[in-house]
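Here's the letter readout for the chains.
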Amino acid sequence: MFIDSARITISAGRGGDGAVAFHREKYGGPDGGDGGRGGSVVFQVDDNLSTLSDFRYRRKYAAAPGENGRGKHCNGKNGEDLVIRVPRGTLLRDAETGRLIADLPADEPQVVARGGHGGW
């Protein structure tokens, strides 16, 4: 029996800031755009993996942040989700409390850290 464990740090992407702008003509009003949503951290089962040895060399994982909004009602882009592939049967636990976060025997992706909302 082989027991494999790895301790990693994950962080979801921060939402982008909204932009405050004003339209400069008669009857002009607010003209800013909303910030983009931050990327989420998603764990996906991969049957081609059998150990957690890939996590030995890379310990920190961060999803992409959302882009800031701009003038002329331009909204920022959403950050891309970070998909981390793990072997079937992986258990995700909180390092501080030891609480079980997710059991990954299924084929559906498990969102562990949701990205931030974009600003208005």
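Residues numbered from 1 in each chain as written. Predicted model: local features only at pLDDT ≥ 70, side-chain atom pairs only at ≥ 80, totals over all residues. Heavy atoms only, no water.

Chemist: What is the right way to look at the overall build of the protein in this model?
Modeler: Looking only at helices and strands, one finds 0 helices and 7 strands in the protein. Secondary structure elements in the protein, listed N-terminal to C-terminal, are β-β-β-β-β-β-β. By the compact-globule yardstick of 14 Å for 120 residues, the protein is too spread out, its C-alpha radius of gyration being 20 Å. By its C-alpha atoms, the protein is 75 × 30 × 25 Å across when sized along the principal axes. The buried share among the 120 residues of the protein stands at 30%. In the protein, once contacts between residues fewer than 6 apart in sequence are set aside, the share between residues at least 24 apart is 72%. Total accessible area on the protein is roughly 8700 Å²; 48% of this is exposed by carbon and sulfur atoms. Within the protein, the 16 negative side-chain charges are centred at a point lying 6 Å from the centre of the 17 positive side-chain charges. (Helix = DSSP H or I, 4+ residues; strand = E, 2+ residues; numbered from the N terminus. Rg over C-alpha atoms; globule rule 2.2 N^0.38 Å. Buried < 20%, exposed > 50% of the residue type's maximum accessible area, 1.4 Å probe, protein only. Contact = heavy atoms within 4.5 Å. Areas by Shrake-Rupley, 256 points an atom, 1.4 Å probe, with all protein chains shown as cover. Lys, Arg positive; Asp, Glu negative; His and termini not counted. Charge placed at Lys NZ, Arg CZ, Asp CG, Glu CD.)

Chemist: Would you mind going over the pattern of salt bridges with me for this structure?
Modeler: A side chain of one charge can pair with a side chain of the opposite charge if their charged atoms are brought near each other. Going through the model one piece at a time under the given rule, you end up with 1 salt bridge. A salt bridge links Asp 47 to Arg 88, with the nearest nitrogen and oxygen atoms 2.9 Å apart. Pair noted here: Asp 47 is in the loop between strand E2 (41-45) and strand E3 (60-62) and Arg 88 is in the loop between strand E4 (82-86) and strand E5 (90-93), with a separation of 41 residues, a long-range link. When its relative accessible area of 53% is taken as the criterion, Asp 47 is described as exposed. (Salt bridge = Lys/Arg side-chain N within 4 Å of Asp/Glu carboxyl O.)

Chemist: Whenever I open this one, the pairing of E2 confuses me. Can you help?
Modeler: The two faces of the sheet receive side chains in turn, since in a regular strand these alternate between them. The buried fraction of E2 amounts to 5 of the 5 residues, a majority that puts the element mostly inside the structure. By the bridge criterion, 5 bridges tie E2 to E4 in an arrangement that is parallel. Bridging across to E4, Val 41 finds its partner in Leu 82. As defined by bridge partners, E2 adjoins strand E7 (residues 110-113) across 3 bridges and the pair is classed as antiparallel. From the neighbouring strand, Val 41 faces E7, where its bridge partner is Ala 113. (Pairing = 2+ DSSP bridges.)

Chemist: Could you clarify how one ought to interpret the pairing of E5 in this entry?
Modeler: Burial of E5 is one-sided: the residues Thr 90 and Leu 92 facing one way are buried, the residues Leu 91 and Arg 93 facing the other way are not. Pairing between E5 and strand E6 (residues 100-104): 4 bridges, direction antiparallel. Bridging from a neighbouring strand, Leu 92 pairs with Ala 102 of E6. Remark: 6 residues form the turn of the hairpin made by E5 and E6, two consecutive strands paired antiparallel; Gly 98 in that turn has positive phi of roughly 80°.

Chemist: Help me understand the nonpolar core in this model?
Modeler: Note that soluble globular proteins tend to have their nonpolar side chains buried in a common cluster. The biggest cluster of nonpolar side chains holds 14 residues, and the ones touching the most others in it are Val 41, Phe 43, Phe 55, Ile 84, Val 86 and Leu 104. Contact partners of Leu 104, with chain neighbours within four places excluded, come to Phe 43, Val 45, Val 86, Arg 88, Gly 89, Thr 90, Leu 92 and Gln 110. (Core = buried A, V, L, I, M, F, W, Y, C linked by side-chain atoms within 4.5 Å.)

Chemist: Where do I start with the sheet that holds E2 in this structure?
Modeler: Spatial ordering of the open sheet is given by E4-E2-E7, a layout of 3 strands whose pairing is mixed. The open sheet has two free edges, formed respectively by E4 and E7, since each of these has just one partner strand. Averaged over all pairs of adjacent strands, the angle between their axes in this sheet comes to 30°, without regard to strand direction. (Axes fitted to C-alpha atoms, helices over the stretch in contact; angles between N-to-C directions.)

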